[in-house]
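# Geometric and topological summary
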Amino acid sequence: MALPARQFLRRRVRHLRPLLWLVIVALLLEASYHVSRFRVPAPEFELDPPFHTSCQEPNTSAPRENAVLVMLARNEEFLQAQHSVASLERRFNRWFEYPYVFLNDQPFSHEFMDAMRASTNASTSFEVVPREQWTFPDSLDKDKAQVSIAAQGRHGILYGGLTAYHHMCRFFAGAFYELEALRKYKYYWRIEPDVDFPCSITYDPFVEMARHKKVYGYTIALPEEGSTCPSLFRQVSDWKEFHNIQDTDLWKASISPSRLPWPLRSFTKHFPHRDRHGDSWNLCHYWSNFEIADLDWFRAAPYQNLYAHLEKTGGFYFERWGDAAVHALAINMLADPRAIHHFADFAYRHDYYYQCPANAPDGQLPTSSTLNAAEPNWALEQQGGIGCRCDCDSHTPSNVGSYCLNKLREPISKKRPWKTWLMGWVF
Ligand code: GDP
Ligand code: MN
């Protein structure tokens, strides 16, 4: 007599059970192997310590690097621009006198130029960005772009509705490095209107960058606003695969590997910030309103080719890709992780975000007349402090959150804070 259908099925399933378990175990093993490929080994010692951890007597007679201070600004921001220059002069450039180049998409007003000239003894030049570098590229359907920009504005995407902001981001990602006004320089320090440097910078960061073969320096690292660039990571990672570029440890540290086993994880590749395997970018990037970097690195073919590819996709207009995100992904993919420097000893504020180191104990050179002329007072000295005459409140060394800073320092830092590890695991 035939077995009832249910009993028959149950028996078949019982036979299949070992196979089922085997498949589950294989999928779990596959997923953990996949995740393990993104693990970044901790170095035995710190590979990117601060250049100095206390005040130095400014060496004003040492040779300078071939470097420039650059600020893009609007005429109406002249007070904020003056504030930034005054802060940088007082804390750094009074001793080193690096030249300034000011950039604008409009001719600078006399009011702006007079205010800047009055704020520094260093040389100043005022340049208008060439028209063709501050508009829609020829290859782009301008009407479609404008419709998209209006929609981004309606959807509340940060600065998405402002055409000029799109131009600005594209400019800093690409044309900036080709500017005639910067051609003769090797290093730049980017500043913006309304920034503060609340510690004294008593050594020449350009000289140290050159000495340590650094190509990119930053102060603050933070996550990008995801809605501004849903397809950027996919574009960058596809380009990387097409050119067969191997993963650097920093690239690995920028990725949150998918916990799903193959082939399930590849089904998620259409979600924002995913590569074609389904792994996602953790959105961490360097805040590019402060940058000290090597112009030649950005002028060289690898970066320029990547930029040309990104430009063709139209993402600077159909989305609102920021130059910071583009710079960070490029640096993390193409540079040696040891060529990136975190200026942990610099204090920096822009808008509401800041980094503020504590003052180094016994490192303030209290009798230095050079330093006293600039900054006779400073906040409490604290054990482990590395700042010079900082006047910011270092009880909160940074108000940005440490996840991205720790992630981006994984390849060069001995420290592995458990919180970062845990967050990386969960997300
Ligand atoms: P945020 O720092 O991202 O909030 O953006 P900002 O409004 O500070 O702009 C970033 C930089 O680009 C600043 O240096 C601005 O002065 C500059 N900028 C933005 N839009 C324009 C513009 O339309 N013209 C000029 N000349 N500069 C601009
Ligand atoms: Mn700004």
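For the protein, the name recorded in an unreviewed UniProt entry is O-glycoside alpha-1-2-mannosyltransferase-like protein 4, with Apiospora kogelbergensis as its organism. Per UniProt, the comment on the protein under Sequence similarities (unreviewed entry) is "Belongs to the glycosyltransferase 15 family."

## A look at the coordination of the manganese ion (ligand 2)
Around the manganese ion (ligand 2), the protein contributes the donor atoms Glu192 (OE) and His350 (NE2), at 2.0 to 2.2 Å from the metal centre. Here Glu192 is found in the loop between β4 (187-191) and β5 (195-196), whereas its partner His350 is found in strand β13 (residues 348-350), with 158 residues between them in sequence. Just as Glu192 is buried, His350 falls in that class too.

## Concerning the nonpolar core
By size, the foremost hydrophobic cluster in this structure holds 64 residues, and its most contacted members are Phe176 and Leu232. Of the residues forming this core, the biggest block, seven residues, is contributed by helix α12 (residues 323-334). If we ignore the near neighbours within four places in the chain, the residues touching Phe176 are Val70, Leu103, Phe171, Leu182, Tyr188 and Leu295. Among the nonpolar cores identified, the runner-up in size contains 44 residues, and Leu69, Leu88, Ile191 and Phe197 belong to it.

## Thoughts on the sheet that holds strand β6 (residues 216-218)
The seven strands lie next to each other as β3-β2-β1-β4-β11-β6-β12, forming an open sheet whose pairing is mixed. Since the sheet does not close on itself, it has two edges, and those belong to β3 (124-128) and β12 (340-342), each with one partner. The mean angle between the axes of side-by-side strands here comes to 20 degrees, regardless of whether they run parallel or antiparallel. Here strand β1 (residues 67-72) pairs with strand β2 (residues 100-104) via four bridges, running parallel. Bridging from a neighbouring strand, Leu72 pairs with Leu103 of β2. Sitting on the sheet, helix α3 (residues 110-119) touches β2 and β3, and the angle it makes with β3 is about 155 degrees.

## Side note on helix α7 (residues 232-242)
Residues of α7 that are buried: Leu232, Phe233, Val236, Ser237, Trp239 and Lys240. The buried residues of α7 occupy an angular sector of 155 degrees when projected down its axis, which confines them to one face. Those residues of α7 hidden inside the fold are in contact with α8 (249-253), β8 (255-256), β9 (280-281), α10 (301-313) and α12. Just beyond α7, the residue with positive phi is Asn244, at close to 55 degrees.

## Topic: the pairing of β3
The pairing of β2 with β3 spans five bridges and is parallel. Looking at β3, one finds that Phe102 is bridged to Phe126. Read from β2 through α3 to β3, the crossover connection turns out right-handed.

## Focus on the site of ligand 1
Lining the immediate environment of ligand 1, one finds 15 residues, of which Leu72, Glu77, Asp105, Tyr159 and Tyr165 sit closest. When ligand 1 sits alone it has 570 Å² of accessible area, and the protein chains cover 88% of it. Considering every element that reaches the shell around ligand 1, the biggest residue donor is helix α5 (residues 163-173), with three residues. For the shell around ligand 1, the class distribution of residues is eight nonpolar, two polar and five charged.

## With respect to the state of the cysteines
A full pass over the atoms with the stated rule returns four disulfides. Here Cys55 connects covalently by a disulfide to Cys388, the sulfurs 2.0 Å from one another. Taking the torsion about the sulfur-sulfur bond, which here is approximately 100 degrees, the covalent link between Cys55 and Cys388 counts as right-handed. Separated by 333 residues along the polypeptide, Cys55 in the loop between α1 (5-36) and β1 and Cys388 in the loop between α13 (369-374) and α14 (403-408) bring together distant segments of the chain. The two residues Cys55 and Cys388 agree in class, both being buried. There is a disulfide in this structure between Cys284 and Cys404, and the S-S distance comes to 2.1 Å.

## Brief notes about unusual backbone geometry
With an omega dihedral of 0 degrees, the bond running from Trp262 to Pro263 counts as a cis peptide bond. Of note, Pro263 is situated in the loop between β8 and β9. Non-glycine residue Glu97 carries a positive phi angle of around 50 degrees. Positionally, Glu97 belongs in the loop between α2 (78-96) and β2. Residues other than glycine seldom take positive phi values, yet Leu283 does so here, at roughly 70 degrees.

## Overview of the UniProt feature "active site" (unreviewed entry) in the protein
UniProt annotation of "active site" (unreviewed entry) refers to Glu291 when read in the numbering used here. Inspection of the secondary structure assignment puts Glu291 in strand β11 (residues 291-294). Given the relative accessible area of 1%, Glu291 is considered buried. In contact with Glu291, not counting residues within four places along its chain, are Tyr177, Tyr188, Trp189, Arg190, Tyr216, Gly217 and His327.

## Here's the deal with the pattern of salt bridges
Taken as a whole, this structure holds 26 salt bridges when the rule is applied. Ionic pairing is found between Asp48 and Arg409, a salt bridge with its closest N-O pair at 3.4 Å. Placement of the pair is Asp48 in the loop between α1 and β1 and Arg409 in the loop between α14 and α15 (418-426), with a sequence separation of 361 residues. Each member of the pair, Asp48 as well as Arg409, is classed as buried. In this structure, the salt-bridge partner of Glu375 is Arg90, at a minimum N-O distance of 2.3 Å.

## Looking at the side chain of Asp279
By secondary structure assignment, the location of Asp279 is in the loop between β8 and β9. For the buried Asp279, no salt bridge exists, and the shortest N-O distance to an oppositely charged side chain is 4.9 Å, to Arg265. A distance of 2.7 Å separates the side chain of Asp279 from the backbone nitrogen of Ser258, its partner in a polar contact. Those residues in contact with Asp279 that lie beyond four places of it in its chain are His34, Phe38, Phe233, Ile255, Ser256, Pro257, Ser258, Arg265, His273 and Arg274.

Definitions and cut-offs
- Throughout this document, residue positions are counted from 1 along each chain, in the order its sequence is written.
- As they are written, the chains are lettered A onward and the ligands numbered 1 onward, keeping that order.
- With pLDDT at 70 or above as the cut-off, local features in this predicted model cover only qualifying residues; side-chain atom pairs require 80 or more to be listed or tallied, and sums for whole chains, interfaces and linings still use all residues.
- Derived side-chain values reflect all non-hydrogen atoms in the structure, with water molecules and hydrogen atoms excluded from consideration.
- UniProt positions are given in the numbering used here, feature names are shortened, and annotations may be inferred rather than shown by experiment.
- Because water is not among the atoms used, a metal site may look incomplete, as its donors are only the N, O and S atoms within 2.8 Å, or 3.2 Å for Na, K and Ca.
- By the criteria applied, helices consist of DSSP H or I runs no shorter than four residues and strands consist of E runs no shorter than two, each listed in order from the N terminus.
- Each residue is assigned to one of three classes by its accessible area relative to the maximum for its type, calculated with a 1.4 Å probe on protein chains only: buried under 20%, partly exposed between the two thresholds, exposed over 50%.
- Buried residues of nine kinds, namely Ala, Val, Leu, Ile, Met, Phe, Trp, Tyr and Cys, make up a nonpolar core once their side-chain atoms join them within 4.5 Å.
- Contacts between residues were defined by any pair of non-hydrogen atoms, one from each residue, lying within 4.5 Å.
- Note on pairing: two strands pair once DSSP finds at least 2 bridges between them.
- To obtain an axis, a line is fitted to C-alpha atoms, over the contacting stretch when the element is a helix, and the angle between two such axes runs from 0 to 180 degrees between their N-to-C directions.
- Working definition: the arc comes from the directions between the helix axis and the C-beta atoms, pointing outward to the latter.
- Convention used here: a crossover is right-handed provided that the path from the first strand, over the helix, to the second strand proceeds clockwise when the strands point away from the viewer.
- Residues are counted as near a molecule or strand when any one of their heavy atoms sits within 4 Å of it.
- The Shrake-Rupley method, run with a 1.4 Å probe sphere, supplies the accessible areas, and residue values consider only the shown protein chains as cover.
- Under the scheme applied, nonpolar residues are Ala, Val, Leu, Ile, Met, Phe, Trp, Tyr, Cys and Pro; charged residues are Asp, Glu, Lys and Arg; polar residues are all the others, including Gly.
- Any pair of cysteine sulfurs within 2.5 Å is marked as a disulfide.
- For this analysis, a salt bridge means a side-chain nitrogen from Lys or Arg found within 4 Å of a carboxyl oxygen belonging to Asp or Glu.
- His residues and chain termini do not enter the charge count, which takes Lys and Arg as positive and Asp and Glu as negative.
- The definition of a polar contact used here is a pair of N or O atoms within 3.5 Å, where within protein one atom must be able to donate a hydrogen and the other to accept one, and adjacent residues in sequence count solely through side-chain atom pairs.

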